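Structure at a glance
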Amino acid sequence: MKKSIIAVSLGLSAVLMSGAYAQHGHNQGHAINFEVTAEKGTNNVSIDKCWIRLMPSVTPSGGFFEIKNNDSTQIAVIKAIETDAFEETMLHRSYMKDGQSGMEMVPEVIVKAGETLHFAPGGFHVMLEKPVSGLKAGDKIQARFVLGTEDKVPVTCELKPVNARSFDH
Ligand SMILES: [Cu+2]
């Protein structure tokens, strides 16, 4: 999985990317039709309030944040998130289908020109697996958000306990 994330961040072909996420377990039986943009977008973004709901290491942890696209004319594209604190990271989206909730991997997330997108429980999130040992709630970790431009935006994310609902609560 790490390989496919690197492939995505290098902007390799959409064929590779769809292959990578077709193998992913969360979306079995759920048809995805996700167009990958050819645009690189802007690197003029601000990322705030990044937090991770730290789960026991056998369970994936969710990562959430707010991303503001400061460019009023171009989209911003998030391709991946990297951190040394977790071995695997994926962009995910929660959905409801036929009264059942599920989640699926997405190859990228687009922030419209001038808009702010909230990654939050129940919607877009980062799925983080295989934490390094010793992480605990209250710790801060460093992450890098990989954009369509291939720029990497460094962000500090706070680890929060399982019952956390948002950055502030
Ligand atoms: Cu997920």
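Residues numbered from 1 in each chain as written. Predicted model: local features only at pLDDT ≥ 70, side-chain atom pairs only at ≥ 80, totals over all residues.

Let us now look at the overall build of the chain. What the chain contains, in helices and strands, is 2 helices and 10 strands. Walking the chain from its N terminus toward its C terminus, one meets helices and strands in the order α-α-β-β-β-β-β-β-β-β-β-β. For the chain, with 169 residues in total, the buried portion stands at 32%. Counted over contacts in the chain with a minimum sequence separation of 6, partners at least 24 positions apart contribute 70%. (Helix = DSSP H or I, 4+ residues; strand = E, 2+ residues; numbered from the N terminus. Buried ≥ 20, exposed ≤ 12 C-beta atoms within 10 Å, placed from the backbone. Contact = placed C-beta atoms within 7 Å.)

Attention now moves to the nonpolar core. The nonpolar side chains of soluble globular proteins are, as a tendency, buried together. Judged by nonpolar contacts, the single largest core of 29 residues is most densely connected at Ile78, Ile81, Leu91, Ala143, Phe145, Leu147 and Cys157. Residue assignment for this core shows that the elements contributing at least two residues are strand S1 (45–53), strand S2 (61–69), strand S3 (76–83), strand S4 (86–97), strand S8 (124–131), strand S9 (140–147) and strand S10 (152–160). Excluding residues that lie within four positions of it along the chain, Phe145 makes contacts with Ile47, Ile78, Ile81, Lys152, Val153 and Val155. (Core = buried A, V, L, I, M, F, W, Y, C linked by C-beta atoms within 7 Å.)

Bringing the environment of Met127 into the picture now. Within the fold, Met127 resides in strand S8. Note on Met127: 19 C-beta atoms within 10 Å, which makes it partly exposed. Excluding its chain neighbours within four sequence positions, the residues that come into contact with Met127 are Pro60, Gly62, Thr89, Met90 and His92.

Before going further, it helps to examine the pairing of S2. Here S2 lies mainly inside the structure; 7 of its 9 residues are buried. Pairing of S1 with S2, which is carried by 7 bridges, proceeds in the antiparallel orientation. In the strand pairing of S2, Ile52 is matched with Gly63. Note: S2 against S8, 3 bridges, orientation antiparallel. Each residue of the ladder has a partner; that of Gly63, found in S8, is Val126. One ladder, built from 4 bridges, connects S2 with strand S7 (residues 116–119); its direction is antiparallel. Looking at S7, one finds that Glu66 is bridged to His118. (Pairing = 2+ DSSP bridges.)

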